[in-house]
Amino acid sequence: MQLTFDKQEERESDPTWNNVSVAAKGRRIEEDKMQIESEIAQHLVDESDFNFVKMHLLNHFSENICQLGYL
């Protein structure tokens with residue numbers, strides 16, 4: 001949401017923004033939306049990892065402990 005507000009402020013602070021046609025404004029807004037979506041997707045790729053213990057595996061530990069007394 002913050003990226004959207006930042007892009008909007010950037011557009012409105014441009015002195016030529018008020019002189020641009022409605023169609024050009026629409027294209028610029030769509031380009032900004034596509035850029036934001038691309039940045040979000042890239043952030044998810046860069047910051048996501050699946051390096052965690054599989055949760056289902058934990059179900060077997062309690063069974064092993066009951067049978068063997070230890071892991």
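Structure first, text after, so check above.
Residues numbered from 1 in each chain as written. Predicted model: local features only at pLDDT ≥ 70, side-chain atom pairs only at ≥ 80, totals over all residues. Heavy atoms only, no water.

A. How the structure looks around the overall build of the protein chain. Counting secondary structure elements, the protein chain contains three helices and zero strands. Listing the helices and strands of the protein chain from first to last along the sequence gives α-α-α. By the compact-globule yardstick of 11 Å for 71 residues, the protein chain is too spread out, its C-alpha radius of gyration being 25 Å. Taking the principal axes of its C-alpha atoms as reference, the protein chain extends roughly 80 × 20 × 15 Å. Counting all 71 residues of the protein chain, 8% fall into the buried class. For the protein chain, the computed accessible surface area is about 6400 Å², with 58% contributed by carbon and sulfur atoms. The averaged location of the 14 negative side-chain charges in the protein chain is 8 Å from the averaged location of its 7 positive side-chain charges. (Helix = DSSP H or I, 4+ residues; strand = E, 2+ residues; numbered from the N terminus. Rg over C-alpha atoms; globule rule 2.2 N^0.38 Å. Buried < 20%, exposed > 50% of the residue type's maximum accessible area, 1.4 Å probe, protein only. Areas by Shrake-Rupley, 256 points an atom, 1.4 Å probe, with all protein chains shown as cover. Lys, Arg positive; Asp, Glu negative; His and termini not counted. Charge placed at Lys NZ, Arg CZ, Asp CG, Glu CD.)

B. Quick look at the pattern of salt bridges. Evaluated as defined, the whole model comprises four salt bridges. The partner of Arg11 in a salt bridge is Asp32, with the nearest N and O atoms 2.7 Å apart. Placement of the pair is Arg11 in helix 1 (residues 2-13) and Asp32 in helix 2 (residues 22-47), with a sequence separation of 21 residues. Residue classification places Asp32 among the buried residues on the basis of a relative accessible area of 6%. With its nearest N and O atoms 3.8 Å apart, the salt bridge here joins Arg28 to Asp32. A residue pair is termed a helical-turn pair when its members lie 3 or 4 positions apart in one helix, as Arg28 and Asp32 do in helix 2 at four residues. The network of salt bridges with shared partners includes Glu10, Arg11, Arg28 and Asp32. (Salt bridge = Lys/Arg side-chain N within 4 Å of Asp/Glu carboxyl O.)

C. Representation of the environment of Pro15 within the structure. Within the secondary structure, Pro15 sits in the loop between helix 1 and helix 2. Its relative accessible area of 69% is what places Pro15 among the exposed residues.

D. Quick look at the packing of helix 1 against helix 2. At their nearest, the axes of helix 1 and helix 2 sit 10 Å apart, and the two run at 145° to each other. Note on packing geometry: the crossing formed by helix 1 with helix 2 is right-handed. Listed contacts from helix 2 to Leu3, Thr4, Lys7, Glu10 and Arg11 of helix 1 are Arg28, Ile29, Asp32, Gln35, Ile36, Glu39 and Ile40. Taken together, the residues that form the contact of helix 1 with helix 2 break down as four nonpolar, two polar and six charged. (Axes fitted to C-alpha atoms, helices over the stretch in contact; angles between N-to-C directions. Left-handed = near helix turned anticlockwise from the far one by under 90°. Contact = heavy atoms within 4.5 Å. Nonpolar A, V, L, I, M, F, W, Y, C, P; charged D, E, K, R; others polar.)

E. View of helix 3 (residues 55-68). With 14 residues, helix 3 should cover 20 Å at 1.5 Å per step; its first-to-last C-alpha distance of 21 Å lies within 8% of that length. Within two residues after helix 3, Gly69 carries a phi angle of roughly 90°, on the positive side. (Expected span 1.5 Å × (residues − 1).)

F. Inspection of the environment of Val20 at higher detail. As for its placement among the helices and strands, Val20 is situated in the loop between helix 1 and helix 2. Spatially, the C-alpha atoms of Val20 and Leu68 are 75 Å apart, while their sequence positions differ by 48 residues.

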